[in-house]
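Given next are the chains, with one letter for each unit.
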Amino acid sequence: MSTWKKVAIGAGAAVVLAAMIGFTVHQSHKNVVTVQTSKVQPLDLASVVSASGEIKPKTYVNVGANAFGKITRLYVKEGDKVKRGQLLAQLENVQSNADVNATEASVEAARTDAVAADAALNTALADLNRAKSDAEKAQLDWDRSQGLYKAALIAKSDYDSQRAAWQTAQAGLVQAQAKVAQARAEKDSAERHVTQNAANLTRVSDVLKKTTYAAPFDGMITNLPVREGETVVIGIQNSPGSTLMTIADMSVITAEVNVDETDVVNVKLGQPAEVMIDAIPKKTFKAIVTEIGNNAIIRSTGVSTSQQTTASEEAKDFKVVVTLQDPPANLRPGLSTTAKITTASRNSVLAVPIQALTIRRKADLEQESKSGTVQAAAPRNESGSDSSKDEIQGVFVLRDRKAEFIPVETGISGTTDIEVTKGLKQGDEVVTGSYKVLRTLRPGTSVKVDNTAPKKEETS
């Protein structure tokens, strides 16, 4: 055989061998899926609820107008610190002061009348005592004259005189009793006049007092929308009255945030929080949850559901108040803030990345175990109406270079990881991506690990 024939045969054999090897490699990689993985390991987890809101003092009050009138004097300006009882503003009070003076005079006059009525009663009581004595003496004389007249010891004229004197004394006694009753009634009337005028004095004094405004507690003037010379009015029915100023106790500062209705169930009183203030970047303040609202707030309108007569399907929030532990002195009400509330924490618990969790229908898993198929499945129909009881939560674990679906039970969720309480052990390698692969991956599929660089996920 010539040399060129030997070379041709050798080349042909090499080509055939290369083709066979290529075909074998192609077939071996035909059903292999490339995945990203992560090891199950113990981590410290913290479940955090984030919400935005604004800075507010725990105690503040809007000082509203209690009377109609012109502001004659403002004793403070915005930003001033005030003490409890300090005078803040003065309204015109000429008429109110005159009413107080007139009513005070009426009270004094009524008290004088009451003193006179008491003296008249004492006089009437003295007259009654005198009339009683006269009546008793006339009674004795009349009884004596009756005996003497029967014994024919006195004349008929003397007998008639004693009888007339007795009758006069009895009439005087009745008159004295009537005068006492009249004097008592006049005294009661005078005392009631005193009470009536005292009540009027209380009323007009209250009206006068409402023309001056004093600080209800120690704090700071955070809002002063009025000026001297302006006229303020009180509120009537649905029309709000004028607001003179706002006083806030800046010693206790809170952040009032709106927590989503799906997260508020995990928020409890006393839980720690971290507060970030937009006006003070790169600084975090410690805080504690001190108040949790009971009424939902419509997110689009800010109105409480308790104020609506019809149900709403809009997104809802709940007001949560966290109290800052060491607030800076330069905080102002209304500053935008974000609070991160730690609702639960675990130390050294087994955890996997949240994206590793996936859902499979129980019927699909049973079908896979019977068929033994290892090919990739078509994407699930997201609009399907599978009931939750037919769905199983789990992760795909690498076993002998194949993806095995393992049902798991989970605990708290951190920012990127979630606690696994049952189903996995430390060191297990779980599939974490890609998202498209996790949607379509079937149990028993051969996989190839590629953790070099994440690829851009497709959303469809």
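About the criteria used
- Residues numbered from 1 in each chain as written.
- Predicted model: local features only at pLDDT ≥ 70, side-chain atom pairs only at ≥ 80, totals over all residues.
- Heavy atoms only, no water.
- Helix = DSSP H or I, 4+ residues; strand = E, 2+ residues; numbered from the N terminus.
- Buried < 20%, exposed > 50% of the residue type's maximum accessible area, 1.4 Å probe, protein only.
- Pairing = 2+ DSSP bridges.
- Phe/Tyr/Trp six-rings, centres within 6.5 Å; stacked < 30°, edge-to-face > 60°.
- Salt bridge = Lys/Arg side-chain N within 4 Å of Asp/Glu carboxyl O.
- pLDDT = per-residue confidence, 0-100.
- Contact = heavy atoms within 4.5 Å.
- Expected span 1.5 Å × (residues − 1).
- Axes fitted to C-alpha atoms, helices over the stretch in contact; angles between N-to-C directions.
- Parallel < 35°, antiparallel > 145°, perpendicular 65-115°, else oblique.
- Left-handed = near helix turned anticlockwise from the far one by under 90°.
- Nonpolar A, V, L, I, M, F, W, Y, C, P; charged D, E, K, R; others polar.

1. Some details on unusual backbone geometry
Working note: non-glycine residues mostly have negative phi, and peptide bonds are mostly trans.
Right, on to step 1. With a phi close to 60 degrees, A152 is a non-glycine residue in the positive phi region.
Right, on to step 2. Among the secondary structure elements, A152 is positioned in the loop between α2 (94-150) and α3 (156-209).
Right, on to step 3. You will see that R401, though not glycine, has its phi angle at about 60 degrees, which is positive.
Right, on to step 4. Relative to the helices and strands, R401 resides in the loop between β15 (391-399) and β16 (402-407).
Right, on to step 5. According to the relative accessible area criterion, R401 is exposed, its value standing at 70%.

2. Here we look at the sheet that holds strand β8 (residues 231-232)
Right, on to step 1. Ordered by their spatial adjacency, four strands build an open sheet running β6-β5-β3-β8, and the pairing between neighbours is antiparallel. Strand pairing shows two members of the sheet lacking a second neighbour, β6 (212-214) and β8, which therefore form its edges.
Right, on to step 2. Direction of pairing for strand β3 (residues 69-74) relative to strand β5 (residues 87-91): antiparallel, over a ladder of three bridges. Residue pairing in the sheet places L74 in a bridge with A89 of β5.

3. A few points about the packing of aromatic side chains
Right, on to step 1. Applying the stated rule across the entire model yields four aromatic pairs.
Right, on to step 2. Here the aromatic rings of W142 and W166 are separated by 6.1 Å at their centres, their planes lie at 20 degrees, and the arrangement is stacked. Remark: W166 occurs in helix α3 and W142 occurs in helix α2; sequence separation between them is 24 residues.
Right, on to step 3. Measuring from centroid to centroid gives 4.3 Å for Y149 and Y159, while their planes differ by 20 degrees, and the two rings are stacked. Of this pair, Y149 sits in helix α2 while Y159 is found in helix α3, placing the two residues 10 residues apart along the sequence.
Right, on to step 4. Residue Y149 is classed as partly exposed on the basis of its relative accessible area of 31%.
Right, on to step 5. An aromatic cluster is built from W142, Y149, Y159 and W166, whose rings are joined through pairwise contacts.

4. Remarks on the pattern of salt bridges
Right, on to step 1. Scanning the entire structure with this criterion turns up 18 salt bridges.
Right, on to step 2. D206 is the salt-bridge partner of K210, the closest N and O atoms lying 3.3 Å from each other.
Right, on to step 3. Judged by relative accessible area, which is 32%, K210 ranks as partly exposed.
Right, on to step 4. What emerges from the salt-bridge pattern is a single network uniting R399, E404, K425 and D428.

5. Brief notes about the confidence of the model for the protein
Right, on to step 1. In the predicted model, the protein carries a mean pLDDT of 85, and the fraction of residues at 70 or more is 85%.
Right, on to step 2. Model confidence for the protein, summarised as mean pLDDT per element, is weakest for helix α1 (residues 3-29) at 58 and strongest for β5 at 95.
Right, on to step 3. Confidence drops under a pLDDT of 50 for residues 23-29, and excluding neighbours within four residues, the segment shows zero contacts in the predicted structure.
Right, on to step 4. Note on residues 373-379: pLDDT is under 50 here. Beyond four places in sequence and across chains, it has 15 contacts.

6. Examining α2
Right, on to step 1. Helix length check: α2 (57 residues) gives 83 Å between terminal C-alpha atoms against 84 Å at 1.5 Å per residue, within 8%.
Right, on to step 2. Positive backbone phi, at 60 degrees, marks A152, one or two positions downstream of α2.

7. Thoughts on the side chain of S145
Right, on to step 1. Here S145 lies in helix α2.
Right, on to step 2. A relative accessible area of 4% means that S145 is categorised as buried.
Right, on to step 3. Here S145 is in contact with I154, Y159 and Q162, once residues within four sequence places are set aside.

8. Structural notes on the packing of α2 against α3
Right, on to step 1. Where α2 contacts α3, the two axes come as close as 6 Å, and the packing angle between them is 165 degrees. The orientation of α2 relative to α3 falls into the category roughly antiparallel. Note that α2 runs across α3; the crossing there is left-handed.
Right, on to step 2. Class assignment of the residues belonging to the contact of α2 with α3 gives a composition of 30 nonpolar, 15 polar and 16 charged.

9. Section: the pairing of strand β18 (residues 417-422)
Right, on to step 1. Inspection of the sheet shows strand β13 (residues 336-353) paired to β18 by three bridges, in the antiparallel sense. Looking at β18, one finds that A351 is bridged to E419.
Right, on to step 2. Where strand β17 (residues 409-413) lies against β18, three bridges are found, and the strand directions are antiparallel. Counterpart to T410 in the pairing with β18 is V420.

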